[in-house]
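Each chain, written out:
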Amino acid sequence: MSYKSKFQKLLTVFVLSISSTILNGQGALPEICSARREAVMKETGGGALVIPGILRTPYGHNDVSSSKYFYYLTGWETPGAWIIIEPGEKVKSSLFITSADPSRQSWNNLEPGLLEAMEVFKADTAYPFNAFLKIAPAILEKYDTIWTVRTSKLIHETLSQVIPEGTNPVIMDARKILNDRRLVKDDYEISMLRKAITVTAEAQCQAMMLTAPGRWEYELEAAIEHTFRSRGCDGPGFTTIIGSGSNSTILHYDENSRQMKSGDLVVMDIGAENKGYKADITRTIPVSGKFTQEQLDIYNIVLEAQNEAIREMLPGGRSLGPHDRATAVIMRGLYKLGLVTDTTSQWQKNLYILYTCTHHIGLDIHDLYPYQLTEYDESVFRPGMVITIEPGIYLRGGMLNSLAASSASQTVKEEIDTFIRVVAPVFEKYKNTGVRIEDDILITVDGQEILSSGTPKEPVEIEKLMKRKSRYE
């Protein structure tokens, strides 16, 4: 071998080593993705699987509707890629990518090329994306069935261009297969979630210590997101929610622009993202550092509801079991306070119970299945699932007036008018109080593990922590 050839070989090894470190600092993820592709193809019953990553629309926007499925199967994050996976004794993967352009190296982030696609990301073959419309039909003409994810019009239109002429394959949606597999996390996914959750719990603690009258909601947001990055996570997995005072009653408040005052509660719904996997932890704390009795009245109902719901989160248990249990505890607690007159009334439940209080987390913050679970899409808990439990009570000022205006029939109107007369004086004590408590739960073989236990939720523990100084002071 000539000196030049030896040098080129060493250079290739060096480049691949750097690429593996910079572009794919995720340990054994390529091998894990390869195993996932093998497992998925065993469930398709034949046919090829065709899925895109992040696509650029003709209008200059990104279509990310299939990107989490693509990442789950490839580990590839760079936009403008498709994969074709073929069944067989050994599954074959062809990756089509937007090739790195040397002329853009001074302007854009380092992008993996064809060599990295095969050597680092374990594709069997790799092609530049501009060859997709030419090569894909030659691959797909061998199959009577094509599996894909029907998540956008752009995907449908692009796929229709690579169906070989003169063929009429059956087009199958692979989401059910992929969703079922993604719901139960493998060891790699659980490790990614553990770090995201641990860092999020630390960020909650830092925010608790920083909270004080006169501070702004965005100061807590800044400390939280700095903690995410400084502890090695990618940043927030969703928009950080810091809602104080009346903002605590707005579920997805994200302006974070209010100055906090003594007597306020503040709801902090936050989550770090680690290698694509997202945590989701909510805590509610008193801005003054000490709960008032009225705040504790509401807080303790939510805390009891959450603790009771967690006991329902066991392998083989109903996925709606925790929600039903939390609802019963909340309605009973509100009845004792005088905020409910009939714990069995559906419209009174609808007034206070605004959402199903569990959802899966993973690559999506509300992972895969419908957020509003119903009896028609209910399942059972399985070991490896990671699920949040987040009951809440939101006593928004004016909600009784809204209730009066919404009555449909004369009978219901009379019930509501009576309800408002009885409840309004009590409601006045608690209005503009919002409380949500959320933890991330791993279902295990013999029970469950609270992954987010690193941040307190007992009132005494919260008040004790808030006396300490944050590292941001």
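In this report, the structure presented in the accompanying data block is examined. Note that this is a predicted model, so its numbers are computed, not measured. (Residues numbered from 1 in each chain as written. Predicted model: local features only at pLDDT ≥ 70, side-chain atom pairs only at ≥ 80, totals over all residues. Heavy atoms only, no water.)

## Some thoughts on the sheet that holds strand E19 (residues 439-444)
Within a sheet, each strand pairs with its neighbour through backbone hydrogen bonds, oriented either parallel or antiparallel.
And step 1. As summarised here, the arrangement of the four strands in space is E15-E16-E19-E20, forming an open sheet in which the pairing is antiparallel. Only two strands of the sheet have a single partner each, and these edge strands are strand E15 (358-360) and strand E20 (447-450). Each neighbouring strand pair of the sheet contributes to a mean axis angle of 35°, computed without reference to strand direction.
And step 2. Note that E15 and strand E16 (residues 386-389) share three bridges and pair antiparallel. (Pairing = 2+ DSSP bridges. Helix = DSSP H or I, 4+ residues; strand = E, 2+ residues; numbered from the N terminus. Axes fitted to C-alpha atoms, helices over the stretch in contact; angles between N-to-C directions.)

## What about helix H13 (residues 399-406)?
And step 1. Listing the buried residues of H13 in full gives Met399, Leu400 and Leu403. Down the axis, H13 shows its buried residues gathered within 100° of arc, on one side only. Projecting away from the buried face of H13 at angles above 90 degrees are the exposed residues Asn401 and Ala405. (Buried < 20%, exposed > 50% of the residue type's maximum accessible area, 1.4 Å probe, protein only. Arc of directions from axis to C-beta.)

## Observations concerning the sheet that holds strand E13 (residues 277-278)
And step 1. On the basis of which strands lie adjacent, the open sheet formed by three strands has the order E9-E12-E13 and antiparallel pairing. Bordering the open sheet on either side are strand E9 (235-236) and E13, each of which pairs with just one other strand.
And step 2. Relative to strand E12 (residues 272-274), E9 is paired through two bridges, and the arrangement is antiparallel. Looking across to E12, one finds that Gly235 is bridged to Glu273.

## Describing the packing of helix H8 (residues 187-210) against helix H9 (residues 217-230)
And step 1. Two numbers describe how H8 lies on H9: the axes approach to 9 Å, and their chain directions differ by 150°. Both H8 and H9 take part in a crossing whose hand is right-handed. Across the interface between the two elements, Val199, Thr200, Glu202, Ala203, Gln206, Ala207 and Leu210 of H8 pack against Glu219, Leu220, Ala223, Ile224, Thr227 and Phe228 of H9.
And step 2. Here the contact of H8 with H9 is built from residues that sort into eight nonpolar, three polar and two charged. (Left-handed = near helix turned anticlockwise from the far one by under 90°. Contact = heavy atoms within 4.5 Å. Nonpolar A, V, L, I, M, F, W, Y, C, P; charged D, E, K, R; others polar.)

## Details of unusual backbone geometry
And step 1. Within the chain, Lys122 stands out as a residue other than glycine whose phi angle is a positive 65°.
And step 2. Lys122 gets classed as partly exposed once you look at its relative accessible area, which sits at 33%.
And step 3. Phi is positive for Asn432, which is not a glycine, with a value near 65°.
And step 4. Here Asn432 shows up in the loop between helix H14 (410-430) and strand E18 (433-436).

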